[in-house]
Amino acid sequence: MRTERLPDSGNSYRFDGEDHAAPVSFFLTHSEPGEGPGPHSHPYTETFIIEEGQATFTVGDDTIDAKAGDIVVAPANVPHAFVNSGSGLLRSVNIHPVPVMETVWL
C-alpha cells in the first residue's frame, strides 16, 4: 500500500488498522509550522516518532521540545497536544496500538 492512498486530512495521513486487518493504527504527519492537534486523550498510550522538524508537546503538565530522532510517549488517559514549533515541515509517526482509534477532544 502506498502512503498517498491513505486518507489525508491536509496535515496527516491516517492508517486505521481495522480497515487492513492490522492490530495497530497510526498517523503519518506532515504539518506546517504552527499546525498540530489541540488537547485530547486516548484510553491507550500514544507514541510519537519525530522523523523531521521539531514540535512542542504538552503531555499532562509537562512541556517537551522534540526534534528529529526523538520519541515522545503520552500515557493512556493523559491529555496531550503538539504543535509544529519549527520553521519547516514536521514529519512524525503517531502510533495508536489499537485497530480502532478512540479520541476524546478536550
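What comes next is a walk through the structure. (Residues numbered from 1 in each chain as written. Predicted model: local features only at pLDDT ≥ 70, side-chain atom pairs only at ≥ 80, totals over all residues. Heavy atoms only, no water.)

**Quick look at the packing of aromatic side chains**
Moving on, step 1. All chains considered together, the criterion is met by four aromatic pairs.
Moving on, step 2. Chaining the aromatic ring pairs together yields one cluster made of Phe48, Phe57 and Phe82. (Phe/Tyr/Trp six-rings, centres within 6.5 Å; stacked < 30°, edge-to-face > 60°.)

**As for the sheet that holds strand 7 (residues 71–74)**
Moving on, step 1. With antiparallel pairing, the five strands of this open sheet are ordered in space as 1-2-9-4-7. Since the sheet does not close on itself, it has two edges, and those belong to strand 1 (12–15) and strand 7, each with one partner. Shown here is a sheet whose adjacent strand axes are inclined to one another by a mean of 15°, direction ignored.
Moving on, step 2. Sheet topology note: the strand 4 (residues 46–52)/strand 7 ladder contains four bridges and is antiparallel. Considered in strand 7, the bridge of Ile49 is made with Ile71. (Pairing = 2+ DSSP bridges. Helix = DSSP H or I, 4+ residues; strand = E, 2+ residues; numbered from the N terminus. Axes fitted to C-alpha atoms, helices over the stretch in contact; angles between N-to-C directions.)

In short, shape yes, function no, at least from these values alone.
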